[in-house]
Amino acid sequence: MLIGLLTAVAASACYGTGSVLQAVGSRKSARREAAAASTTGLTQHGGPSLSSTAKAAVTWEFMVGTVLDFIGFGLGALAARLLPLFLSQTVISANLVITAVLSIKLLGIRLNTREWVSIGVVCTALVLLATAAGPEGGGDASTTTHWWLLVASVLVIGGGTLIVRLLGSRAAILAGLLSGLGFGALGVGVRVLNGIDPFHLPTLLADPALYAILVAGIGGMYLHTVALQIGSVNGATAALVVGETVVPGILGVLWLGDSSRPGFAWMAILGFVVAVAGAVAVAWFGEPEGGAEGTGTAPDDGSTAPVHATGAAKAPEDGTRAPDRAAAGS
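Residues numbered from 1 in each chain as written. Predicted model: local features only at pLDDT ≥ 70, side-chain atom pairs only at ≥ 80, totals over all residues. Heavy atoms only, no water.

**Digging into the packing of aromatic side chains**
- If you walk through the whole model with that rule in mind, you get zero aromatic pairs.
- Over the face of the ring belonging to F264 we find R261, whose NZ or CZ atom lies 4.3 Å from the ring centre. (Phe/Tyr/Trp six-rings, centres within 6.5 Å; stacked < 30°, edge-to-face > 60°. Lys NZ or Arg CZ within 6 Å of the ring centre and 35° of its normal.)

**Structural notes on helix 4 (residues 85-93)**
- Of all nine residues in helix 4, nine are buried, a share of seventy percent or more.
- Those residues of helix 4 that fall on the buried side of the exposure criterion are L85, F86, L87, S88, Q89, T90, V91, I92 and S93. (Buried < 20%, exposed > 50% of the residue type's maximum accessible area, 1.4 Å probe, protein only. Helix = DSSP H or I, 4+ residues; strand = E, 2+ residues; numbered from the N terminus.)

**Digging into the environment of I98**
- Residue placement: I98 occurs in helix 5 (residues 95-106).
- Counting along the chain gives 85 residues from I98 to A13, while the straight-line C-alpha distance between them is 6.5 Å.

**Brief notes about the nonpolar core**
- Residues F86, L87 and L129 are the most contacted members of the largest nonpolar core, which totals 37 residues.
- Mapped by element, the contributors of at least two residues to this core are helix 1 (2-35), helix 4, helix 5, helix 6 (113-132), helix 11 (233-254) and helix 12 (265-284).
- For this core, the leading source of residues is helix 12, giving eight residues.
- Leaving out residues up to four positions away in the same chain, F86 has contacts with L129, A133, G249, V253, D258, S259, A268 and F272.
- Core analysis: the second largest hydrophobic core is formed by 18 residues, A77, V192, A209 and L210 among them. (Core = buried A, V, L, I, M, F, W, Y, C linked by side-chain atoms within 4.5 Å. Contact = heavy atoms within 4.5 Å.)

**Quick notes on the packing of helix 3 (residues 60-82) against helix 8 (residues 172-192)**
- One way to put it is that helix 3 packs onto helix 8 with a least axis distance of 8 Å and a crossing angle of 60°. Classified by the interaxial angle, the pair formed by helix 3 and helix 8 is oblique. For the pair helix 3 and helix 8, the sense of crossing is right-handed. Residues F73, A77, A80 and R81 of helix 3 form the contact with helix 8, whose own contacting residues are L186, G187, V190, R191 and V192.
- The residue makeup of the contact of helix 3 with helix 8, split by class, is six nonpolar, one polar and two charged. (Axes fitted to C-alpha atoms, helices over the stretch in contact; angles between N-to-C directions. Parallel < 35°, antiparallel > 145°, perpendicular 65-115°, else oblique. Left-handed = near helix turned anticlockwise from the far one by under 90°. Nonpolar A, V, L, I, M, F, W, Y, C, P; charged D, E, K, R; others polar.)

**Observations concerning the environment of G65**
- Tracing the backbone through its elements, the reader meets G65 in helix 3.
- What makes G65 buried here is its relative accessible area of 0%.
- Taking C-alpha positions, G65 is 8.0 Å from Y15, a pair spaced 50 residues apart along the chain.
- Not counting residues up to four positions away in its chain, the partners in contact with G65 are G18, L21 and Q22.

**Overview of the side chain of Q89**
- Tracing the chain through its elements places Q89 in helix 4.
- Given a relative accessible area of 6%, Q89 falls into the buried group.
- Separated by 3.0 Å, the side chain of Q89 and the backbone oxygen of E244 make a polar contact. (Polar contact = N/O pair within 3.5 Å; in protein donor to acceptor, adjacent residues only side chain to side chain.)

**Remarks on the pattern of salt bridges**
- Here the structure, examined in full by the defined rule, presents one salt bridge.
- Ionic pairing is found between R191 and D258, a salt bridge with its closest N-O pair at 2.4 Å. One end of the pair, R191, is in helix 8; the other, D258, is in the loop between helix 11 and helix 12, and 67 residues separate them in sequence.
- The class for R191 is buried, based on a relative accessible area of 5%. (Salt bridge = Lys/Arg side-chain N within 4 Å of Asp/Glu carboxyl O.)

**Brief notes about a nonpolar patch on the surface**
- A cluster of nonpolar residues, L162, I163, L166, L167, L174, L177 and V242, forms a patch on the protein surface that exposes about 510 Å² of accessible area.
- For the nonpolar patch, the leading source of residues is helix 7 (residues 143-167), giving four residues.
- Among the secondary structure elements, L167 is positioned in helix 7.
- A relative accessible area of 32% means that L167 is categorised as partly exposed. (Patch = residues over 30% accessible without salt bridge, like charges linked within 9 Å, V, L, I, M, F, W, Y side chains within 5 Å. Areas by Shrake-Rupley, 256 points an atom, 1.4 Å probe, with all protein chains shown as cover.)

**What to know about helix 7**
- Along its 25 residues, helix 7 runs 36 Å from first to last C-alpha, staying within 8% of the 36 Å computed at 1.5 Å per residue.
- For helix 7, the full list of buried residues reads H146, L149, L150, S153, I157, G160 and V164.
- One or two residues past the end of helix 7 sits G168, with phi positive at roughly 65°. (Expected span 1.5 Å × (residues − 1).)

**Quick word on the confidence of the model for the protein**
- Taken residue by residue, the protein gives an average pLDDT of 75. The fraction at 70 or more is 73%.
- Looking over the protein, one finds the lowest element-wise mean pLDDT in helix 2 (residues 50-57), namely 61, and the highest in helix 9 (residues 201-206), namely 92.
- With pLDDT under 50 throughout, residues 289-330 is counted as low confidence; its partners more than four residues away or in other chains account for 127 contacts. (pLDDT = per-residue confidence, 0-100.)

**Points about the environment of A79**
- Position of A79 among the secondary structure elements: in helix 3.
- Among the residues examined, A79 registers a relative accessible area of 0% and is labelled buried.
- The contact partners of A79, leaving out residues within four places of it in the chain, are G4, T7, A8 and S88.

**Focus on the side chain of D258**
- Classification of D258 as buried rests on a relative accessible area of 4%.
- A polar atom in the side chain of D258 sits 2.8 Å from the backbone nitrogen of L85.
- At 2.4 Å, the side chain of D258 and the side chain of R191 are in polar contact.

This is the structure:
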């Protein structure tokens, strides 16, 4: 249990740090697009094109953040094998807290009282969850179930990509939710993956869950990167937290045999609900309010102007929005 908790915390730290670096890289790319007064980075519906997403991904900050995301993915996968999913996924989703704190220095933001209270709520809920969590379930599932997981992953990621291109900037929250579901499917896939213990490469390669992990992981990262480039980024991040914690947590209990310690079920439920609510609050309360306070215009010299909480920078006049990120999911 202790090793699993330490692994999940390390994964959360990697994701949180990577989120801030990716936000810096995304902002830098957005400033360049705005300075060029270019609209070629958008689809006809106002959503980001593949080329504009790629431009955000080639800044050194974004690349370092992506490397940390991959490290976090490995650590998170290990945590999903060692802990009940309702605990591992919730601890990993607490990267919102790490992101908020690091953003004070790296993004020049200021946290308001509600955000600090939300951070305290998340930390308290994680203590409740760690206290109440029992042993993880066996994770056994039929091959048919593994195939269903792959089909669901393809539908979520493929459908999400299509919807984002059709709805454009109106799909930010939906993109966040679907990326969260993708990361949740990744956690479930890691848990049920065959050929790991003991390691047997042919069994591993023949398992549909392996390809569900690849589809859900890569697709989830793409959808979350898109959510960084379009409106309501904090709302989208809140939706991501719900998608990557609630669904796998419930599946872990109902399907994989995860459980709490005897007599501590009430504490596990309370901790789970409070942790998700607190994580959503960290993202939601960071949404910039109207007016001068809470927004900032990125200067032309490449530095990052301070903005309020975890909100995005003020939208350029060409209609694009300088992206920010409250967190990543995996």
